Amino acid sequence: MSRIGRMPIAIPAGVTVEIAENNKVTVKGPKGTLERVLPAEMEIKMEDGKIEVSRPNDLKKMKSLHGLTRSLINNMVLGVTQGYEKKLEVNGVGYRAAKSGNKLTLSLGYSHPVEMIDPEGIETVVEGQNVIIVKGIDKEKVGQCAAEIRDKRRPEPYKGKGIKYADEVIRRKVGKTGKK
């Protein structure tokens, strides 16, 4: 039995969960509404403030979908209550980030500034000139948006210049040495 899949999901106060046909799950909470169609093979039941996911048989595919389905529902419940955020740091001389309206402008050592518009349901906040915080209720979208921002200039291993996650550790390399 999947250790994650069999754990029940507690529904906090102020959150409503609706399970429609074809396992279409809608979660409404104080921060917003999330909707997702989950694998039809899984059986999703709601009993006295808890959601339980069960699988029909022990085929390898069903086992892998079991934990995934439970995690996706749990991420939706956490998203509408607390929300998700990812922190990015911009490192490098002359590298900076600025925000105007819903447009994020990055100066990353290219001949032109890189401009990005916030996707729907995602908000970017710039703290100082070198910290970008990506916020939202959908964990997948927050991660994707943060990855796209990081992709504009990935950290390089020699000086550590570029955009990195706040908790990311860059493995540094030693530069070349002069001739004797």
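So, here's what we can say about the structure. Keep in mind that what you see is a predicted model, and the values were worked out from it rather than measured.

Brief notes about the pattern of salt bridges
Consideration 1: Overall, the coordinates contain 11 salt bridges when judged by the stated rule.
Consideration 2: Where E35 meets K24, a salt bridge forms, and the shortest distance between an N and an O atom there is 3.4 Å. On the criterion of sequence distance, the pair formed by E35 in strand β4 (residues 32–37) and K24 in strand β3 (residues 24–29) is long-range, its members being 11 residues apart.
Consideration 3: Here R150 makes a salt bridge to E168, at a shortest N to O gap of 2.7 Å. Highlighted residues: R150 in helix α2 (residues 139–151) and E168 in the segment after β13 (162–165), separated in sequence by 18 residues.
Consideration 4: Exposure remark for E168: the relative accessible area of 22% places this residue in the partly exposed category.

Re α2
Residues three or four positions apart in an α-helix share a direction because the helix packs 3.6 residues into each turn.
Consideration 1: With 13 residues, α2 ought to run about 18 Å at 1.5 Å a step, and its terminal C-alpha atoms sit 18 Å apart, in line with that.
Consideration 2: Turning to α2, its buried residues number three or more, namely V142, G143, C145, A146, I149 and R150. Looking straight down α2, one finds that the buried residues subtend no more than 165 degrees of arc, so they occupy a single side.
Consideration 3: Contact partners of the buried residues in α2: β7 (84–91), β9 (103–107), β10 (114–117), β11 (122–127), β12 (131–136) and β13.
Consideration 4: Regarding α2, its N-cap is D138, as a side-chain oxygen of that residue lies 3.1 Å from the backbone nitrogen of E140 further along.

A short note on the packing of aromatic side chains
Consideration 1: The tally for this structure, following the rule as stated, stands at 0 aromatic pairs.
Consideration 2: One residue, K86, lies across the ring of Y165, its end atom 5.2 Å from the ring centre.
Consideration 3: Here the guanidinium or amino end of R153 rests over the ring plane of Y110, the centre of that ring lying 4.3 Å away.

Notes on the sheet that holds β3
Consideration 1: Pairing is antiparallel in the open sheet, where 3 strands are placed in the order β2-β3-β4. One side of each edge strand has no neighbouring strand; the edge strands of this open sheet are β2 (16–20) and β4. Neighbour-to-neighbour, the strand axes of the sheet open up by a mean angle of 10 degrees, direction not taken into account.
Consideration 2: One ladder, built from 6 bridges, connects β3 with β4; its direction is antiparallel. Following the sheet pairing, K28 is matched in β4 by T33.

Side note on the environment of M46
Consideration 1: Locating M46 in the fold gives a position in strand β5 (residues 43–47).
Consideration 2: For M46, a relative accessible area of 43% corresponds to the partly exposed category.
Consideration 3: Note: C-alpha distance between M46 and A10 (36 residues apart in sequence) is 10.0 Å.
Consideration 4: Not counting chain neighbours up to four residues away, the residues in contact with M46 comprise I11, V17, I19 and I51.

How each quantity is defined
- Residues numbered from 1 in each chain as written.
- Predicted model: local features only at pLDDT ≥ 70, side-chain atom pairs only at ≥ 80, totals over all residues.
- Heavy atoms only, no water.
- Salt bridge = Lys/Arg side-chain N within 4 Å of Asp/Glu carboxyl O.
- Helix = DSSP H or I, 4+ residues; strand = E, 2+ residues; numbered from the N terminus.
- Buried < 20%, exposed > 50% of the residue type's maximum accessible area, 1.4 Å probe, protein only.
- Expected span 1.5 Å × (residues − 1).
- Arc of directions from axis to C-beta.
- Contact = heavy atoms within 4.5 Å.
- Polar contact = N/O pair within 3.5 Å; in protein donor to acceptor, adjacent residues only side chain to side chain.
- Phe/Tyr/Trp six-rings, centres within 6.5 Å; stacked < 30°, edge-to-face > 60°.
- Lys NZ or Arg CZ within 6 Å of the ring centre and 35° of its normal.
- Pairing = 2+ DSSP bridges.
- Axes fitted to C-alpha atoms, helices over the stretch in contact; angles between N-to-C directions.

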